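Coordinate inspection notes
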Amino acid sequence: KAQERKSIEAYKRVLGTMDRMSVGAIPLKPMLGGGMRRGGDVTDKLKKLYFAVSPFPATLAFTGSITIVVDNKTYVIDNPSATQTLNDWLRTKKEFTGTKRMCAEGGCGSCTVMIIETVNGVEEKRSAMSCLVPIATCNGKKIVTVRSLGNVREGLSTVVQRLGEYNGSQCGYCSPGMVMQMHSFLENNPNPTREQVERHLDGNICRCTGYKAILDAFKSFAVGEKLEVPTIPSGCCGKSSQCCKTKSTELPEHSKRLFIPRILNSSPEWYTVGSVSELQLLITQHRSQSKKLIVGNTSSGIYKNEKWDILVNIGLIPELLGKKMVQASNGYYFEIGAAVTITDFIQYLETMVKSVPDYRTSWIPPFLEHAHLIASNQIRNVGSVFGNLFLVYKYQFVSDMFTLLLALGASLTVCSPLENNKVYVMDLQNLLSTDMTNQFVMNIRIPLFPSSSFQFISHKTMLRHSNAHALVSVAMVVSVENTREVNYMRLVYTGIAKVPTIAQNTCNSLLKRIISTSSFLPFALESLEKEMVPQILSTYDYKEYRKAMISNLFYKLYVGALINAKISVPARYASAGIKYKRPVSTGVETYGSMKEEFPVSYPIEKLEAPKQASGDLVYNYDIGNHIKDMLFGSYILTTVAVGEIQSVDVSKVLAVPGVVGWVNHLDVPAMNSVLVDEYASLRSLPQWNEELFATGRVRCAGQVIGVVFAETQAIADAAALLAQVTYKNVQKGILSLPEAIEKGSYFPDNIPGAPTVAGPFVTGNLNTGFSQANMIISDTVYLPSQYHFTMELQTATALYEESSELTVYASTQWPSIQQHLISQQIGIQSNKIKVIAKRVGGAYGSKILRANIPASAAAVAAWKFQRPACVNMSLEQNMAIIGKRHPMACQYKVGVNAQTGQVTAIELVFFIDGGSGWESTPDTMNQGMLSGDNCYYFPNYKLSGKLCYTNTPVNTWFRGPGCIQAIFFIEAIMERIAIETKLPADQVKITNFYKSGQVTPFGQTIQYFNLNSLTTQIKSLVDWNSMNAAVKSFNQNNYFIKQGLSFTPVKYGIGLAGARYGVTLSVFMDGSIEVIHSGIEVGQGINTKVAQVVAFELGVPLSLINVGTSSSSANPNADATGGSITSGLNCSVAIDCCKKLNARLAPIRAILAAQNNNFKGLNATKTWQEVITQAYNAGVELKTTGWSFVPPPSSPFTYSSYGVAISRVQIDILTGETNILSSDILFDCGVSLNPIIDIGQVQGAFMQGSGYMLSEDIVYDANGMLVTKNTWEYKPPMALDIPEVFNVHLLKDTPNPNGVLKSKASGEPPLALASGIFFAVRNAVIAYNYQTKLGLTVPALVPKIALACGVDRTALVNNNPVT
């Protein structure tokens, strides 16, 4: 108590100096009588506000609030939580929901904002991931969100406009983040190069567009392009002179000069310190508490469950922000403050290499090349250099920065406050063996090279080309004298042991050796093999790959060192030591249009694009925070693959303040099932019913037990973790399709009423066909799963309305089925439930039936609590609960004429992994089987299918369900035939093409087949013969770098039968038109296409048309949006509505034409208005409805979409790294309703398929828990992964007589063309090692490619670059 009194009196003195200061917008002034009051006794306040021990120096004043300026408006935030992020706070404000939320890991870029901070009188503008930035670090800073860049009503910035004009926004959920990243970049680099623009988007993921349109839009700002300076429109923030772009908004004086020593009532506690002495004092006072010193806090995106007593912001300490070059007795070194961000460090090095352009800084250019591969721009902008190093100490993090600095011989200046503030220097390596408790690093010292004989070389392997952690990284500093003797070497590996490791024995043994002797490499490799032994790092381990990289990466560095030392290296080996530099991507898009059908067939900008890019549009994931009394849900999930739930203890959950309750199976009023009526017969069978909430039986990890609801999402998430679930009868599950096949784990085919598999499909006579073959090949091909990676996660909000009704806002592709299912679960009529789906931020099939899981949970909660309830899945919940693309396998036997490549017979068995439930599995299998011929005629054919059961989440539809897998299987068989017969693969494929008039195994006569023509055209476009010859020449001249080429044809059947869609068209008195169709805008441009056909049919401008909100009541009983048919069929129904309206208006038009000879000469708007006015006066009904139901045809498909692609790749045999050099696509889209939208669909689908082929991996651990559960481990493609040359051509002058206005589908078929990426990679592998021709499987991950090549130490020695 005495100490407390002393502390309080000291703080009274501090506050006494603040007579004229406004703290947190609340004046604090001494009052007469020695007391100080502000709504209560200051003593009580001080007990909460200030340290209970010795206070900070009086120079540091306190405020319990922070002040920030967001989009030119000042906000005072009282006592924010220490763990609250900027994104958390922004999204509580309705005006800032343009800043999106997705991964909350800093891995997707959708939450990007620009942070402006004044440093030494200069404003620094940096992009940042707002999901990682603690709100407390924003005190005194300005935040710029996408909202500041304008809106459609008042004007848009050119960055926003350009993204829309280039069709760079499809679903639109990623667009605000893209815009903010580009805006921030242009603020600092108004005259960028194309390369700078492209590389700056290394932290933003888009799942829809395929990136090409986004890059084209932003590269239009580059030097030499359209020389337009990005502008902020007048009106975006009131007036242009007042917007945050042009006006400097002054923060309140106190927020500029006051720090926040402590945040009230926060766990963990938060302190901001402004000097080293204050940090020393804090550490001394809190020696027994765990402390995390932070700058950007970016590690929270990886390590989400960190537990600290205290968080200390050191990012404002001047002594820790210094950067300087120091001359010491033993040479020069750079001294970099521990709080310096990685970006500042990079920029400093860029400056110094120009200021000191000699041998001392010769290591900087290769160092910077590697440093730019660390995380992303947004992360590097706020994350500190030492913070990255500290993660190795704390978590054994795979740090590239640690690897690079350790190789350079960096050291650390350390302060130990508990030892009288002792300051000492230690080697960076010693950090890993030093107890850093109550110590902190002040700076990092990096020695400069002492002579011109030194060189620095490094290499990093990762799963994609940006924003991915290292699989293995290596860095080497070596000194090679003129005598070619090695007199210094330091070689560091990361990813081999649990921490970065110096190969010290090897380095020592290589000293004084001549690097150019033939014995140097074998000796080094043998030494490394003995010294460096890979350790098991995680479930997702790649141990064999990491072992191979010890030798392979050294070989690359060795060749590089020889080249740097100007020692001759044979040309065929030299490429192994030269880092591949990706050029700036390019490409063209071509298409045709029909003038007489304008605006149909014209590249009209997507109607929503400007609003999406500006953040104006509200998505379902945005709704929850802006409805009064909203409850937020968080899941309790099973954690075993097989077993029974014994008990669920939620007592600790319910004791958390702010928790309102939870819902489980006992709270479901009626039907505890998510199975739709197609599977109604399974609901009464406990073994096969898919429960909304688990009652006892556990079929997979990630099964929903219940949902906790609280007043905030943060409370719900924290509370849900406290649930204690016990299990009994836990068993090992079946976790893969191969295991299911091996163990005979199949869904039964004898359950009455359950969907069944079609087939078998049989044509010809297999025995006869096989007898005609002189080569028979048998094998099994597997295709794994793929996660949808929708940028808007699964989400739903349910409102309990008067009269016991429910309104559900859902991110769904099928409102009607959601309405019907909720009515069955709650036990009320469907007419009391309304499901609204304005737009969806990405779907790809995941939100057809799986969207019912969050929607039903929200509905049950709203019904129970009679309050609005919101279920926004986190990324990890989404990936754990929601099933993915169906893994499939194909066992085949094929008979071939080995001289011609003609298939004489083929027998196929398809296997499909449905996971732990039926859902869409039979339908997916049936769709796949109907694609089991692709584009080839097989005279003797048999195909059957089997449904497999595994203990994984129920798999679901994914873009091209079943069809993508089936087409891949057939292409794999064709490629295998080419390998075994040694015939060109394109020849084998063309030989087996269908001919018009032939009949498929499924009874469909091929009436139109244009793949021969497409093949001729695409080969001409790319100059196939020259390309083929160039690849062969390259492979002959490069031993460890190989190229591969592929030709991929696709026939993709489109079936319209059985689809139900409705459209309502209304014309208002002013002539404006509203169209409400039953499709859902998921990014495919359905709203734009519908508006285009309505404008064409009615002869009115697009500006008169508004597309209204889709809902279960606007057009009831409609089918799901999917299958690439929804846009076309809704356009067809819209045309029917227009025809009905035109028929009603015809008499009016005739009367007006008779009365006015100039009637036809009036402009369309005026003419239309006159007609509508007269029709209204005449009592004509100006509302029409339409409905589409296509009866089942005699054959499966209404028409087929055709496409061909040629892809060329380059792989590094030593590391497995892949670059897609070019992809050329020619796609038959009929007469495209909107070419720019359809090209975007082609590009997006192709890149989604490319990710499936190369980088997206689904891995479960032994307990059935998903390992690849977040952006840290799951890697969809990014902007630098697209083909370097990416050309897309829509076939011209090919109207489709069976399509809407002669068009064809474009959403799914192009994804199948991406299979050629895999086969090109495999061909490159074969070019190196024919014997491993079948060793590569999908996805062709970097480690799998390297292992398939099979390079070992013997191969390296036998190809010694020095002889």
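Values in this document were obtained by computation on a predicted structure and should not be read as measured data. All residue numbers here refer to positions counted from 1 along the written sequence of the relevant chain. The predicted origin of the model limits local features to residues at a pLDDT of at least 70 and limits the giving and counting of side-chain atom pairs to 80 or more, whereas totals for whole chains, interfaces and linings rest on all residues. Side-chain figures throughout are based on the complete set of non-hydrogen atoms in the structure, without hydrogens or water.

Now for the overall build of the chain. Broken down by element type, the chain carries 40 helices and 46 strands. Taken over the C-alpha trace, the chain has a radius of gyration of 33 Å; the compact-globule value for 1363 residues is 34 Å, and the two agree within 12%. Over its C-alpha atoms, taken along the principal directions, the chain stretches across nearly 90 × 85 × 75 Å. A buried classification covers 63% of the 1363 residues belonging to the chain. By the convention used here, residues are in contact when the closest approach between their heavy atoms is within 4.5 Å. Excluding contacts between residues fewer than 6 apart, the proportion of contacts in the chain whose partners are at least 24 apart in sequence is 77%. Computing the positive centroid from 119 side-chain charges and the negative centroid from 103, the chain places the two 3 Å apart. Only DSSP runs of H or I covering at least 4 residues are called helices, and only runs of E covering at least 2 are called strands; the numbering of each starts at the N terminus. Each radius of gyration is computed over the set of C-alpha atoms, and the globule rule expresses the reference value as 2.2 Å times the number of residues to the power 0.38. Between buried and exposed lies partly exposed: a residue is buried under 20% and exposed over 50% of the maximum accessible area for its type, with that area taken using a 1.4 Å probe on protein chains only. Only four residue types enter the tally: Lys and Arg on the positive side, Asp and Glu on the negative side; His and the chain ends are excluded. Where a charge sits is defined by one atom per residue type, namely NZ (Lys), CZ (Arg), CG (Asp) or CD (Glu).

Our next topic: helix H33 (residues 1086-1098). Expected helix span is computed as 1.5 Å times (number of residues minus one). Helix length check: H33, at 13 residues, gives a terminal C-alpha distance of 18 Å against a target of 18 Å (1.5 Å per residue), a fit within 8%. For H33, the buried fraction is high: twelve of the 13 residues fall into the buried class. Of all the residues in H33, the buried ones are Ile-1086, Asn-1087, Thr-1088, Lys-1089, Val-1090, Ala-1091, Gln-1092, Val-1093, Val-1094, Ala-1095, Glu-1097 and Leu-1098. Backbone geometry just downstream of H33 places Gly-1099 in the positive-phi region, at approximately 70 degrees.

Attention shifts here to helix H29 (residues 963-981). Over its 19 residues, H29 runs 27 Å from end to end, which matches the ideal 27 Å to within 8%, given 1.5 Å per residue. When you tally the buried positions in H29, you get 18 out of 19 residues, the bulk of the element. Directly after H29, the chain includes Lys-982, whose backbone phi takes a positive value near 60 degrees.

The sheet built from eight strands is open, its strands ordered E25-E27-E23-E34-E31-E32-E33-E42 with mixed pairing. A strand with exactly one partner marks an edge of an open sheet, and here the two such strands are strand E25 (659-663) and strand E42 (1110-1111). For two strands to count as paired, DSSP must find a minimum of two bridges between them. Summarising the sheet, E25 and strand E27 (residues 704-710) pair through four bridges and their orientation is antiparallel. Bridging across to E27, Val-659 finds its partner in Ala-710. To define axes, lines are fitted to C-alpha atoms, for helices over the stretch in contact only, and angles between the resulting N-to-C directions are given on a 0 to 180 degree scale. Together, strand E32 (805-810), strand E33 (833-837) and E42 form the strand contacts of helix H25 (residues 815-826), whose direction differs from that of E33 by roughly 145 degrees.

Here the focus is the environment of Ile-77. Of note, Ile-77 is situated in strand E4 (residues 73-78). The spacing of Ile-77 and Ile-66 is eleven residues in sequence and 5.3 Å in space, taken between C-alpha atoms.

A few words now on empty space enclosed by the protein. Whether a set of points on the 1 Å grid over the protein atoms alone is a cavity depends on a 1.4 Å probe fitting there but being unable to get out, while an open set qualifies as a pocket with protein on both sides within 12 Å along at least five of seven lines; lining residues are those with an atom within 4 Å of a point. Grid points are joined across faces, edges and corners, and a volume is the space filled by probe spheres set on the points. Enumeration according to the criterion identifies five cavities of 30 Å³ or more in this entry. Lining the largest cavity are 17 residues, and of these Glu-690, Glu-691, Gln-703, Val-704 and Arg-850 lie nearest its centre. Considering only residue class, the lining of the largest cavity consists of ten nonpolar, three polar and four charged. Volume-wise, the second largest cavity comes out at about 60 Å³. Pro-815, Ser-1078, Ser-1111, Asn-1115 and Ala-1118 are the residues nearest the centre of the second largest cavity, which is lined by 14 residues in total. Only Asp, Glu, Lys and Arg are considered charged in this grouping, and only Ala, Val, Leu, Ile, Met, Phe, Trp, Tyr, Cys and Pro are considered nonpolar; every other residue, Gly among them, is considered polar. Looking at the lining of the second largest cavity residue by residue, the class counts come to six nonpolar, seven polar and one charged.

Take the environment of Ala-407 next. Take Ala-407: it is sitting in helix H14 (residues 400-407). The buried category is assigned to Ala-407, whose relative accessible area is 0%.

Pairing of aromatic side chains requires ring centres within 6.5 Å, counting the rings of Phe and Tyr and the six-membered ring of Trp. Pairs whose planes differ by under 30 degrees are stacked, by over 60 edge-to-face, and all others tilted. Taken as a whole and judged by the stated rule, the model has 49 aromatic pairs. Considering the side-chain rings of Trp-688 and Tyr-949, the 5.7 Å spacing of their centres and the 85 degrees angle between planes classify their relative orientation as edge-to-face. Of the two residues, Trp-688 sits in the loop between E25 and strand E26 (697-698) while Tyr-949 sits in the loop between strand E37 (941-948) and H29, which places them 261 residues apart along the sequence. We classify Tyr-949 as buried; its relative accessible area is 11%. The interplanar angle of 75 degrees and the centroid separation of 5.4 Å between the aromatic rings of Phe-747 and Tyr-949 together place this pair among those described as edge-to-face. Separated by 202 residues along the polypeptide, Phe-747 in the loop between helix H23 (737-743) and strand E29 (761-763) and Tyr-949 in the loop between E37 and H29 bring together distant segments of the chain. Among the aromatic residues, those joined into a cluster by ring pairs are Phe-761, Tyr-936, Tyr-937, Phe-938, Tyr-941, Phe-993, Tyr-994, Phe-1002, Tyr-1008, Phe-1009 and Tyr-1202. Consider the ring centre and the ring normal. A charge sits over the ring if Lys NZ or Arg CZ is within 6 Å of that centre and within 35 degrees of that normal. Just above the ring of Tyr-424 sits the side chain of Lys-422; from NZ or CZ to the centre is 5.2 Å. Stacked on the ring of Phe-770, the Lys or Arg Lys-893 has its end atom at 4.4 Å from the ring centre.

Here we come to the pattern of salt bridges. By convention in these notes, a salt bridge is any Lys or Arg side-chain nitrogen within 4 Å of a carboxyl oxygen on Asp or Glu. Throughout the structure, instances matching the rule amount to 52 salt bridges. Here Arg-976 and Asp-779 are joined by a salt bridge, their closest N and O atoms 2.9 Å apart. One end of the pair, Arg-976, is in helix H29; the other, Asp-779, is in strand E30 (residues 775-783), and 197 residues separate them in sequence. Overall, the relative accessible area of 11% leaves Arg-976 in the buried class. Taken together, the shared-partner salt bridges connect Arg-91, Lys-100 and Asp-622 into one network.

This part takes up the pairing of strand E5 (residues 112-119). Pairing analysis gives eight bridges linking E5 to strand E6 (residues 122-129), with the strands arranged antiparallel. Note that in E6 the partner of Met-114 across the bridge is Ser-127. Between E5 and E6, which pair antiparallel and follow one another directly, the connecting turn spans two residues, one of which, Asn-120, has a positive phi of 55 degrees. Here E5 runs beside strand E7 (residues 142-144); their pairing, made up of three bridges, is antiparallel. Bridging across to E7, Met-114 finds its partner in Val-144.

All right, on to the packing of helix H10 (residues 342-355) against helix H11 (residues 364-371) then. Contact geometry for H10 and H11: axes closest at 10 Å, N-to-C directions at 155 degrees. In terms of their interaxial angle, H10 and H11 are classed as roughly antiparallel. For the pair H10 and H11, the sense of crossing is left-handed. Where H10 abuts H11, its residues Phe-345, Ile-346, Leu-349, Glu-350 and Val-353 lie against Ile-364, Pro-365, Phe-367, Leu-368 and Ala-371. For the contact of H10 with H11, the residue count by class is nine nonpolar, no polar and one charged. Angle categories are assigned with fixed cut-offs, so that under 35 degrees is roughly parallel, over 145 is roughly antiparallel, 65 to 115 is roughly perpendicular, and the rest are oblique. In a left-handed crossing the near helix is turned counterclockwise from the far helix by less than a right angle, and in a right-handed crossing that turn is clockwise.

Right, let's get into unusual backbone geometry. Between Phe-598 and Pro-599 the backbone carries a cis peptide bond, its omega angle lying at 5 degrees. Here Pro-599 lies in the loop between strand E22 (589-590) and helix H19 (609-613). Residue Gly-759 is joined to Pro-760 through a cis peptide bond whose omega torsion reads 5 degrees. Its identity as a non-glycine residue notwithstanding, Asp-1023 has a phi of 55 degrees, on the positive side. On the secondary structure map, Asp-1023 appears in the loop between helix H31 (1011-1022) and helix H32 (1024-1037). The exposure class of Asp-1023 is partly exposed, given its relative accessible area of 41%.

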